[in-house]
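Take a look at the letters that make up each chain.
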Amino acid sequence: AQSVTQPDIHITVSEGASLELRCNYSYGATPYLFWYVQSPGQGLQLLLKYFSGDTLVQGIKGFEAEFKRSQSSFNLRKPSVHWSDAAEYFCAVGVTGGYQKVTFGTGTKLQVIP
Amino acid sequence: SAVISQKPSRDICQRGTSLTIQCQVDSQVTMMFWYRQQPGQSLTLIATANQGSEATYESGFVIDKFPISRPNLTFSTLTVSNMSPEDSSIYLCSVTPGINQPQHFGDGTRLSIL
């Protein structure tokens, strides 16, 4: 069975600083990987996804993530954080093929300070 | 992407009662998913609902407690039965539009049990 680890429960960054949120996965085959964001009082919004191909994927809101098979990682990055990026971020892994039943990580809560 | 509407958005219920949560999608989808997000926690899949068949429940979740209906390709309901304070959570509906497609989420139902 697949699993996801997000080692950072809480991260604080200054507005304008760069951001990297870590995600490690465990899956026996090529994974499908996702990053979602949950703002307070909201559902989850898909930021980006990796299915195959280019290992650097671009998402919405200026986010990108890089798939590194050798490290079983799919870290999320943003070069310059905005106050509106304060939210909780979830990494998720899906099984290849079929309808995407995914497993979510425990989430990383991002605080942005002025 | 699909637009997903959940009702109610929040509710406060008495112990021992039941609540039915509705999930409406603006397009036909094959698979719908129901998740629970306990306070400060990640998402846990309750069940997968495929139109025309019984829902498939994950370990730890049973039909008597969380009956699900899926009468057509755009609608599903989740009932939380005989509620206790431990059922206080956010319940989220999601859909996947096709094979190897990511899930998209509604805004969730915030449920508090007194």
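Above: the structure in question.
Residues numbered from 1 in each chain as written. Chains lettered and ligands numbered in written order. Predicted model: local features only at pLDDT ≥ 70, side-chain atom pairs only at ≥ 80, totals over all residues. Heavy atoms only, no water.

1. Comments concerning the state of the cysteines
All chains considered together, the criterion is met by 2 disulfides over all chains. Between Cys23 of chain A and Cys91 of chain A runs a disulfide, and the two sulfur atoms are separated by 1.9 Å. What sets the handedness of the Cys23 of chain A and Cys91 of chain A disulfide is the S-S torsion sign, and at about -65 degrees it is left-handed. Here Cys23 of chain A, found in the loop between β3 (19-21) and β4 (24-26), pairs with Cys91 of chain A, found in strand β10 (residues 87-94); they are 68 residues apart in sequence, far enough to count as distant. A relative accessible area of 0% means that Cys23 of chain A is categorised as buried. Using a relative accessible area of 0% as the deciding quantity, one classes Cys91 of chain A as buried. There is no disulfide at Cys13 of chain B, and the cysteine sulfur nearest it, in Cys23 of chain B, is 18 Å away. A residue is classified by how much of its surface remains accessible, and Cys13 of chain B, at 9% relative accessible area, is buried. (Disulfide = S-S within 2.5 Å. Helix = DSSP H or I, 4+ residues; strand = E, 2+ residues; numbered from the N terminus. Buried < 20%, exposed > 50% of the residue type's maximum accessible area, 1.4 Å probe, protein only.)

2. Let's talk about the side chain of Ser73 of chain A
Residues and elements named next belong to chain A. The topology assignment puts Ser73 in strand β9 (residues 73-78). Of the residues examined, Ser73 reaches a relative accessible area of 3% and is grouped as buried. Setting aside anything within four residues of it in sequence, one finds Ser73 in contact with Cys23, Asn24, Tyr25, Glu66, Phe67 and Lys68. (Contact = heavy atoms within 4.5 Å.)

3. Examining the environment of Ala86 of chain A
All names here are of chain A. Here Ala86 shows up in the loop between β9 and β10. Put simply, Ala86 and Gln111 are 25 residues apart on the chain and 5.1 Å apart in space, counted from C-alpha to C-alpha. If we skip the residues at most four places from it in the chain, Ala86 touches Pro40, Leu110 and Val112.

4. Re the pattern of salt bridges
Residues and elements named next belong to chain A. For the coordinates displayed, the defined rule picks out 5 salt bridges over all chains. In this structure, Glu66 engages Arg77 in a salt bridge whose closest nitrogen and oxygen atoms are separated by 3.2 Å. Here Arg77 lies in strand β9 and Glu66 lies in strand β8 (residues 64-68), a separation of 11 residues in the sequence. Take Glu66: its relative accessible area is 23%, and that puts it in the partly exposed class. Relative accessible area serves as the criterion here: at 23%, Arg77 is assigned to the partly exposed category. Linked through salt bridges whose partners overlap, the residues forming this network are Glu64, Glu66 and Arg77. (Salt bridge = Lys/Arg side-chain N within 4 Å of Asp/Glu carboxyl O.)

5. Focus: the packing of aromatic side chains
Summed over all chains, the structure comprises 14 aromatic pairs over all chains. Here Phe104 of chain A and Tyr35 of chain B contribute two aromatic rings whose centre-to-centre distance is 5.7 Å and whose plane-to-plane angle is 85 degrees, an arrangement assigned as edge-to-face. Here Phe104 of chain A, found in strand β11 (residues 102-104), pairs with Tyr35 of chain B, found in strand β4 (residues 31-37), and the two come from separate chains. For Tyr35 of chain B, a relative accessible area of 1% gives the class buried. Ring plane angle 70 degrees and centroid distance 5.9 Å describe the contact between Phe104 of chain A and Phe105 of chain B, whose orientation is recorded as edge-to-face. Placement of the pair is Phe104 of chain A in strand β11 and Phe105 of chain B in strand β10 (residues 104-105), with the two residues belonging to separate chains. No difference in accessibility class separates Phe104 of chain A from Phe105 of chain B, as the two residues are buried. Chaining the aromatic ring pairs together yields one cluster made of Tyr32, Phe34, Tyr36, Phe51 and Phe104 of chain A together with Tyr35 and Phe105 of chain B. (Phe/Tyr/Trp six-rings, centres within 6.5 Å; stacked < 30°, edge-to-face > 60°.)

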